[in-house]
Amino acid sequence: MAFDDLYQEIILDHYRNPRNTADLSYLSEENAHENPSCGDSVKIHAVVKNETIEKVEFDGKGCAISVASASMMSELLTGKTVAEAKDIIAEFQAVMRGEADSSALDRWGELAALSGVIDFPLRVKCATLSWHALEVTLE
Ligand code: ZN
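Residues numbered from 1 in each chain as written. Predicted model: local features only at pLDDT ≥ 70, side-chain atom pairs only at ≥ 80, totals over all residues. Heavy atoms only, no water.

Trainee: Can you lay out helix 3 (residues 82-96) for me, pointing to particular residues and giving the numbers?
Mentor: Between its first and last C-alpha atoms helix 3 spans 21 Å; for 15 residues at 1.5 Å apiece the expected length is 21 Å, and the two agree. Along helix 3, the residues classified as buried are Val82, Ala85, Ile88, Ile89, Phe92, Gln93, Ala94, Val95 and Met96. In this structure, the buried side of helix 3 is in contact with strand 2 (40-49), strand 3 (52-61), helix 2 (64-77) and helix 4 (121-138). With its phi angle positive at about 80°, Gly98 sits one or two positions after the end of helix 3. (Helix = DSSP H or I, 4+ residues; strand = E, 2+ residues; numbered from the N terminus. Expected span 1.5 Å × (residues − 1). Buried < 20%, exposed > 50% of the residue type's maximum accessible area, 1.4 Å probe, protein only. Contact = heavy atoms within 4.5 Å.)

Encoded structure:
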């Protein structure tokens, strides 16, 4: 199986069976982060205890990239401290914008599947939408 096919499989798996989804309709629409150019929308809820993220839940709709990215983010950041999560969020966003070396993605397991997105600026917003939403939530 070629690398690209493997990455495609990972993204489609998370898109079809997203992890850590929840009904967050109780959160006001002000908490919905939108990517109008693609139609993606996501709400994020984080349960934080003792400065550690116990749970990341998301409620979103949109393209495969946006849903898969939120799903993978929720898995990666569960169990991290808030400080660790903020560092990873900042680094992920920098990588996606092409401002940091993409080899960082290899440290984050399945997130390497998003490496192909870096070459498509319009899709970068899809990939970073939920990360930005969590960043705001943690503030
Ligand atoms: Zn999208």
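There's more to say after this.
Trainee: Can you break down the packing of aromatic side chains residue by residue, with the values?
Mentor: Considering all chains together, one arrives at 2 aromatic pairs under this definition. With a centroid separation of 6.5 Å and an interplanar angle of 50°, the aromatic rings of Phe92 and Trp108 are classed as tilted. Taken together, the positions of Phe92 in helix 3 and Trp108 in the loop between helix 3 and helix 4 put the pair 16 residues apart, joining distant regions of the chain. With respect to burial, Phe92 and Trp108 carry one shared label: buried. Aromatic pair Phe92 and Trp131: ring centres 3.8 Å apart, planes at 15°, arrangement stacked. Taken together, the residues Phe92 in helix 3 and Trp131 in helix 4 connect sequence positions 39 residues apart. The class for Phe92 is buried, based on a relative accessible area of 0%. Classification of Trp131 by relative accessible area gives buried; the value is 0%. (Phe/Tyr/Trp six-rings, centres within 6.5 Å; stacked < 30°, edge-to-face > 60°.)

Trainee: Mind laying out the packing of helix 2 against helix 4, listing which residues take part and the relevant values?
Mentor: Between helix 2 and helix 4, the least distance of the axes is 8 Å, while the angle of their chain directions is 40°. Viewed along their axes, helix 2 and helix 4 adopt a mutual orientation that is oblique. Here the hand of the crossing between helix 2 and helix 4 comes out right-handed. Where helix 2 abuts helix 4, its residues Ile65, Ser66, Ser69, Ala70, Met73, Leu76 and Leu77 lie against Arg123, Cys126, Ala127, Ser130, Trp131 and Leu134. Grouping the amino acids of the contact of helix 2 with helix 4 by side-chain chemistry returns 9 nonpolar, 3 polar and 1 charged. (Axes fitted to C-alpha atoms, helices over the stretch in contact; angles between N-to-C directions. Parallel < 35°, antiparallel > 145°, perpendicular 65-115°, else oblique. Left-handed = near helix turned anticlockwise from the far one by under 90°. Nonpolar A, V, L, I, M, F, W, Y, C, P; charged D, E, K, R; others polar.)

Any functional reading would require information beyond the geometric quantities listed.
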